Amino acid sequence: MPNHFRLLGALAAGALLAAPAGARPLAPAPTLRYTLAMPAPQTHYFEVGVALSGFAQDYTDVKLPVWAPGSYLVREYAKNVEGFRATGASGQALAVEKIDKNTWRVRHPKQADFKVAYRVYAFELSVRTSFVDADHGYLNGSSIFVYPALNKGLASTLTVQPAPGWAQVSTALRPAPGGAKFTYQAASYDELADSPIEIGNQKVLQFTANGTVHQVAMYGTYQVDENRLLADMQKICEGAQAVVGQNPLDHYLFIVHNLERGGGGLEHLYSTTLEVNRATYTTEAGYKAFLRLAAHEYFHLWNVKRIRPVALGPFDYDKENYTHMLWVSEGMTEYFANLINKRTGYYDQQGYLDHLASTIGTVENTPGNKVQSASEASFDAWIKYYRPNENSPNTGISYYDKGETIGLVLDLMIVNATQGQKHLDDVFRLLYDTYYKKLGRGFTDQEYQDAVATVAGRRFDDFFKQSVYDTKTVDYATAFGYAGLGFSSAPANPNGSVGATFSNRTGRLLVTGTERDGAAWTDGLNVNDEVLLINGAAPGEESVKALQGGAVGAPLKLQVRRDGLPRELTLTYRADPDRRFTIQPLPNPTAAQQKVLAKWLGK
Ligand SMILES: [Zn+2]
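Since this is a predicted model, take the numbers as computed values, not measurements.

## Thoughts on the domain arrangement of the protein
- Here the domain parsing of the protein yields domain 1 (2-10 + 27-198), domain 2 (202-284), domain 3 (302-483 + 586-603) and domain 4 (496-575).
- With centres defined by C-alpha atoms, the gap from domain 1 to domain 3 works out at 38 Å.
- Each partner contributes residues to the interface: domain 1 has ten residues there, and domain 3 has nine residues.
- Residue composition of the side of domain 1 that touches domain 3, by class: seven nonpolar, one polar and two charged.

Structural data, given as structure tokens:
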């Protein structure tokens, strides 16, 4: 094995050896080889080995990330690591000191070969964590593989040893030269961390889109017309590529977990993982929801993986990476996911307008929309969006939903400003060419606004300042008017409201949420209060109707249990502030309006 290390090192250093005559002889470049085993998958452990060679110092710090890019929460992956040890070239134990929560300092002779090995407990099946059981293994590299702290850019190889009886490994990592079974190469730690791996007996489907082979690794049982699914995924992928107009791929992998529950998706450089309810394909609505999820994650291969805010790469795996622009990275990805589905025919025009009206309702009926701006929601994702509590709707707004509404209004403003010549797609094209291809970096907040101005031929500084970096309500009516569409709203509920949500899932009727400035909020009902009596009656089919609404100004008497003691409360029904929004074509649109509409909803 050491010889093999030196050979790899010499190859890697080949370019350096061609340095000008007179240069000092160079030490072999460091090399890194990972192995991943799961000999007892039913115990939920991955066993990781890392062979390191050519590290010049007499110690090497190795680290495990605290988060996974794309999922903005510090998850402390090192909490699942155990049995960390290091050995030298002849098998002798090396000193290991843990110097902080996710860093191990390994002392070793300079330039010597050494290995580290550890186990990772993996029993959290989500798109952003790792899992192994008797049926399959799934991992995100950031939660499993350590990296040398000073050599994040170092290339590596990985050999996967599947559990007995498992025949498939699905990953976007490329096979390593030499053809060794289940052996892959990564150009850097970023690529290793950004290439999830599915191991087991998954069914692997395939289609070609944009001239590129796309694999679909399906874990779990499911029922779907596979030919229809693959044809539709191809259309979605081609629709997504048409936005930016350039294909950065030579291969792509969808890993799909078909489970009892659905859990969303996570984007990667050449792949994505989708977690869906295994029955999702059996209804038309569920099937289309799958296509929208696929479109969202696939569009990320441009927006966020390549077209990105400066803070989102290269990543600092040690701590939060802050950006004000998740409303671009996530919200506009959601905007395009739906628009792509419109363009490919999965929504008709009114169906798409109804979807947008519903999203606007979600945003405008959330009290937190008046408290937290889209930029603040982005910046605080780490401590708010990813750590919700009962008060979240009162204090914050989703940068997905808000970003989709910003994308829609900005798109209409651009199409209108250019008399139907340009649209939001052109902003993404400009960002791709300028920042990804030419400059090889992300863009700042100001550079994003400048790109919009370049495409639109005018600046929207007030819009960004007031409705993105502050909480001013977006002028939807004017924006839809550009396209000859009427925007209106009406009270969602003519009755007075309690302004609270309830659940009886535990067999007890509990308050689960109170809405800012509603009756419950104002009159002192608390989350977790147990409702014992409603206007003097025990909770039952008739009496609970009073919780769903009543005449504005009328009293509602409740007896609740709080902290183990009964308490009497009188609430006064308040007008329900929620509104239902409608977007409809106006009669007799002008030629200019028709032009805007055609550009906005056309190809
Ligand atoms: Zn996303």
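Now that the structure has been shown, the text picks up again.
## A short note on the sheet that holds strand 16 (residues 197-200)
- Here four strands make up an open sheet; going across it, the order is 9-10-16-13 and the pairing antiparallel. In the strand order of this sheet, the two ends are held by strand 9 (131-132) and strand 13 (168-171), each with one partner.
- The pairing of strand 10 (residues 137-139) with strand 16 spans three bridges and is classified as antiparallel. Bridge assignment links Leu139 to a residue of strand 16, and that residue is Ile197.

## Some remarks on the nonpolar core
- Counting 141 residues, the largest nonpolar core has Phe46 and Leu412 as the members making the most contacts within it.
- A total of eleven residues in this core trace back to one element, the largest contributor, which is helix 10 (residues 399-417).
- Once residues within four sequence positions are removed from consideration, Phe46 is found in contact with Leu36, Met38, Val120, Ala122, Ser130, Val132, Leu139 and Ile144.

## Focus: the sheet that holds strand 14 (residues 174-175)
- Spatially, eight strands are ordered 5-4-8-2-1-12-15-14 in an open sheet, and the strand pairing comes out mixed. Taken across any chain shown, the strands that pair with only one partner, and hence form the sheet edges, are strand 5 (93-94) and strand 14.
- Alignment of strand 14 against strand 15 (residues 183-186), held across two bridges, turns out to be antiparallel. Bridge assignment links Arg174 to a residue of strand 15, and that residue is Gln185.

## Let's talk about helix 6 (residues 326-343)
- Compared with the 26 Å implied by 1.5 Å per residue over 18 residues, the 24 Å span of helix 6 between its first and last C-alpha is a close match.
- Among the 18 residues of helix 6, 18 are classified as buried, and the element is accordingly described as predominantly covered.
- Two residues or fewer past helix 6, Gly345 is found with a positive phi of approximately 95 degrees.

## Concerning the pairing of strand 3 (residues 59-63)
- One ladder, built from five bridges, connects strand 3 with strand 7 (residues 103-107); its direction is antiparallel. The residue bridging Tyr59 from the neighbouring strand is Arg107, located in strand 7.
- Examined bridge by bridge, strand 3 and strand 11 (residues 147-148) share two bridges and lie antiparallel to one another. Looking at the pairing, Lys63 lines up with Tyr147 of strand 11.

## Considering unusual backbone geometry
- Across the junction of Gly313 and Pro314, the peptide omega takes the value -10 degrees, indicating a cis bond.
- When you line up the elements, Pro314 lands in the loop between helix 5 (284-299) and helix 6.
- The backbone phi angle of His44 is positive, close to 70 degrees, even though this residue is not glycine.
- Given 19 C-beta atoms within 10 Å, His44 falls into the partly exposed group.
- Despite not being glycine, Glu76 shows a phi value in the positive range, around 55 degrees.
- Tracing the backbone through its elements, the reader meets Glu76 in the loop between strand 3 and strand 4 (81-88).

## A word on the packing of helix 4 (residues 226-244) against helix 6
- Running from N to C, helix 4 and helix 6 cross one another at 115 degrees; their axes reach a closest spacing of 9 Å. On the basis of their axis angle, the class for helix 4 and helix 6 is roughly perpendicular. Both helix 4 and helix 6 take part in a crossing whose hand is right-handed. Mapping the contact onto sequence places Ile236, Gly239, Ala240 and Val243 in helix 4 and Phe336, Ile340 and Arg343 in helix 6.
- The residue makeup of the contact of helix 4 with helix 6, split by class, is five nonpolar, one polar and one charged.

## Things to note about the packing of helix 11 (residues 424-438) against helix 12 (residues 445-456)
- Direction vectors running N to C along helix 11 and helix 12 enclose 120 degrees, while the axes themselves pass 9 Å from each other. Accordingly, the angle class assigned to the pair helix 11 and helix 12 is oblique. Between helix 11 and helix 12 the crossing geometry is right-handed. Here Asp426, Val427, Leu430 and Leu431 of helix 11 lie close against helix 12, whose contacting residues are Ala451, Val452, Thr454 and Val455.

## Some remarks on the environment of Pro309
- Along the chain, Pro309 falls in the loop between helix 5 and helix 6.
- With 23 C-beta atoms counted inside 10 Å, the residue Pro309 sits in the buried group.
- Pro309 has contacts with Thr323, Met325, Val328, Ser329, Gly442 and Phe443, leaving out every residue within four places of it along the chain.

## Points about the confidence of the model for the protein
- Of the residues in the protein, 95% have a pLDDT of 70 or more, and the chain-wide mean is 94.
- Low pLDDT, under 50, characterises residues 1-22; the predicted model gives this stretch 23 contacts beyond four residues in sequence or across chains.

Cut-offs applied
Residues numbered from 1 in each chain as written. Predicted model: local features only at pLDDT ≥ 70, side-chain atom pairs only at ≥ 80, totals over all residues. Domains from an automatic or database assignment. Contact = placed C-beta atoms within 7 Å. Nonpolar A, V, L, I, M, F, W, Y, C, P; charged D, E, K, R; others polar. Pairing = 2+ DSSP bridges. Helix = DSSP H or I, 4+ residues; strand = E, 2+ residues; numbered from the N terminus. Core = buried A, V, L, I, M, F, W, Y, C linked by C-beta atoms within 7 Å. Buried ≥ 20, exposed ≤ 12 C-beta atoms within 10 Å, placed from the backbone. Expected span 1.5 Å × (residues − 1). Axes fitted to C-alpha atoms, helices over the stretch in contact; angles between N-to-C directions. Parallel < 35°, antiparallel > 145°, perpendicular 65-115°, else oblique. Left-handed = near helix turned anticlockwise from the far one by under 90°. pLDDT = per-residue confidence, 0-100.

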